[in-house]
Amino acid sequence: MVDFSRCQSALRSSRERLLRCANVVATGIGYKTTQGKKTGTLCVVCSVTHKLPASRLNSRDLVPASLRDIPTDVVETGTILTLQSRTERQRPALGGISIGHRDITAGTLGCLVRKNGQTFILSNNHVLANSNSGSRGDPILQPGAIDGGTLQRDQIAELSEFVPILFQNDPSNCGFATAVITVLNASCRLIGSHTRYRTVRLQQQDNLVDVAIALPTEANATSPEIIGIGRIATTLGRGDLGIAVKKSGRTTGLTSGEILQVDVTVNVQFGGGRIARFTDQLLAGPMSQGGDSGSAVLDESNRLVGLLFAGSEDTTIINRIEHVFSALDLQL
């Protein structure tokens, strides 16, 4: 059994040296975690912005396995910041804060992704592209307009690309068919025929994702970290039934939950009477509210498993991250 006073003595004699190690942002005394489970062994804990393999660190930056026979532990916490409001302007902007197309209220900056060698902001179509109404190059504000963001001061990015949402009973979902019908009906009027044509949907159109990306206007305007979570792992996770998940969002901050259902088909209301059906979704419990749309959803190992986009008082609906990345050809 490790004695607390010995542990404290080892920490105090090594604190300054440990804090000079790369990525170490805090030191303290706690219980050692082994294979994801807390043990009853006291140790010196070093908090780091992100864990790196030993091969990528200089020998002077390695946290020793023990200090005077006192075990150590390394815990990833991300950069430790003052607790700023998630609805205020932040530069660099982290995941989990207010953002939005200039014509919407606000949603959440999910995280950063890569495409064709460039870094983009990831969030929802209805956050960054105003539910299909946006155009490439439209200004993206941080914070969003409802949180005081203005075009003159707070533009952080430009809309780059989005996957169109297919709405039920929306003629714009089939522009070609609508154009053909318009020409046919005009011809009927010219020849004096009373025949009129109309479009008929033969199959319900379903969606897999509500996603958009935006290109930051300045190189250092964003950060790869998410408030309260830190950096995302370098590999994607899977949204399997029963796994624990977490998210960091504009409205409710850092919350956790569990994947309660998979293979979910859901009708989502987008306002203005528009409804869109989404298939192969993940469903979690009440871990979000309005304004959290666009939040990155991660597992306990900080692997990205989904993109939050809808919910109710009792549920949260999440796009599978594999569909999100496939739809826009994205990478971490």
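Residues numbered from 1 in each chain as written. Predicted model: local features only at pLDDT ≥ 70, side-chain atom pairs only at ≥ 80, totals over all residues. Heavy atoms only, no water.

### Topic: the overall build of the chain
Consideration 1: Secondary structure summary: the chain contains five helices and 21 strands in total.
Consideration 2: Taken across its 332 residues, the chain has 45% of its residues classed as buried.
Consideration 3: Restricting the contact set of the chain to residue pairs at least 6 apart, pairs at least 24 apart contribute 66%.
Consideration 4: Looking at the chain as shown, the accessible area adds up to about 17000 Å², and 49% of this sits on carbon and sulfur atoms. (Helix = DSSP H or I, 4+ residues; strand = E, 2+ residues; numbered from the N terminus. Buried < 20%, exposed > 50% of the residue type's maximum accessible area, 1.4 Å probe, protein only. Contact = heavy atoms within 4.5 Å. Areas by Shrake-Rupley, 256 points an atom, 1.4 Å probe, with all protein chains shown as cover.)

### So, the nonpolar core
Consideration 1: One finds Leu122 and Val324 to be the most contacted residues of the largest nonpolar core, which totals 20 residues.
Consideration 2: Those elements that provide at least two residues to this core are β8 (111–115), β9 (118–123), β19 (296–299), β20 (304–311) and α5 (321–328).
Consideration 3: Top contributing element to this core by residue count: α5, with four residues.
Consideration 4: In this view, Val324 contacts Leu122, Val209, Val211, Leu307, Asn319 and Leu330; residues no more than four positions away in its chain are not counted.
Consideration 5: Counting 19 residues, the second-largest nonpolar core is a separate cluster that includes Leu128, Ala129, Ala157 and Ala221. (Core = buried A, V, L, I, M, F, W, Y, C linked by side-chain atoms within 4.5 Å.)

### As for the pattern of salt bridges
Consideration 1: As enumerated under the stated definition, the model contains ten salt bridges in all.
Consideration 2: Arg153 is the salt-bridge partner of Asp154, the closest N and O atoms lying 3.4 Å from each other.
Consideration 3: Sharing partners across several salt bridges, the network here consists of Arg238, Asp240, Asp280, Arg320 and Glu322. (Salt bridge = Lys/Arg side-chain N within 4 Å of Asp/Glu carboxyl O.)

### Some points on helix α1 (residues 4–19)
Consideration 1: Look at α1: 21 Å from first C-alpha to last across 16 residues, which is about the 22 Å you get at 1.5 Å a residue.
Consideration 2: Taken as a whole, α1 carries its principal kink of about 45° at Ser13.
Consideration 3: Of all the positions in α1, only Cys7, Ala10, Leu11, Ser14 and Leu18 are classed as buried.
Consideration 4: Buried residues in α1 make contact with β1 (24–34), β2 (37–48), β3 (66–67) and β4 (70–76). (Expected span 1.5 Å × (residues − 1). Bend = angle between axes of the 7 residues up to and from the residue.)

### Side note on the sheet that holds strand β15 (residues 230–231)
Consideration 1: Taken in spatial order, the three strands of this open sheet run β5-β14-β15, and their pairing is mixed. On the outer flanks of this sheet lie β5 (93–95) and β15, each paired with one strand and no other.
Consideration 2: Bridging between strand β14 (residues 222–226) and β15 involves two bridges; their strand directions are antiparallel. The partner of Ile226 across the bridge, within β15, is Gly230. (Pairing = 2+ DSSP bridges.)

### Regarding the environment of Leu141
Consideration 1: Structurally, Leu141 is set in strand β10 (residues 139–141).
Consideration 2: Each C-alpha atom, one on Leu141 and one on His101, is 6.2 Å from the other, the two residues being 40 residues apart in sequence.
Consideration 3: For Leu141, the residues in contact, after removing those within four places along its chain, are Ile99, Gly100, Arg102, Gly149, Thr150, Leu151, Asp154, Gln155 and Ile156.

### Concerning unusual backbone geometry
Consideration 1: Residue Arg91 is joined to Pro92 through a cis peptide bond whose omega torsion reads 0°.
Consideration 2: Along the polypeptide, Pro92 turns up in the loop between β4 and β5.
Consideration 3: With a phi angle near 50°, Asn116 is a residue other than glycine that sits in the positive phi range.
Consideration 4: As for its position among the elements, Asn116 is in the loop between β8 and β9.

### Observations concerning the sheet that holds β9
Consideration 1: Strand order in the open sheet formed by seven strands is β7-β6-β10-β11-β13-β9-β8, with antiparallel pairing between adjacent strands. The sheet terminates laterally at β7 (107–108) and β8, the two strands that pair on one side only.
Consideration 2: Of the strand pairs in this sheet, β9 and strand β13 (residues 212–216) are connected by three bridges, and their pairing is antiparallel. Looking at the pairing, Leu122 lines up with Ile213 of β13.

### Comments concerning the pairing of strand β18 (residues 274–284)
Remember that side chains alternate between the two faces of the sheet whenever the strand is regular.
Consideration 1: Bridge count between strand β12 (residues 206–207) and β18: two bridges; the pairing is parallel. Bridging from a neighbouring strand, Asn207 pairs with Phe278 of β18.
Consideration 2: Judged from the eight bridges that link them, strand β17 (residues 253–271) and β18 form a sheet pairing that is antiparallel. Looking at β18, one finds that Ile259 is bridged to Ala284.
Consideration 3: With antiparallel pairing between neighbouring strands as the criterion, β17 and β18 make up a hairpin whose turn holds two residues, including Gly272 at a positive phi of roughly 65°.
Consideration 4: Pairing analysis gives three bridges linking β18 to strand β21 (residues 316–320), with the strands arranged antiparallel. Pairing of Leu282 across the sheet is with Ile318, part of β21.

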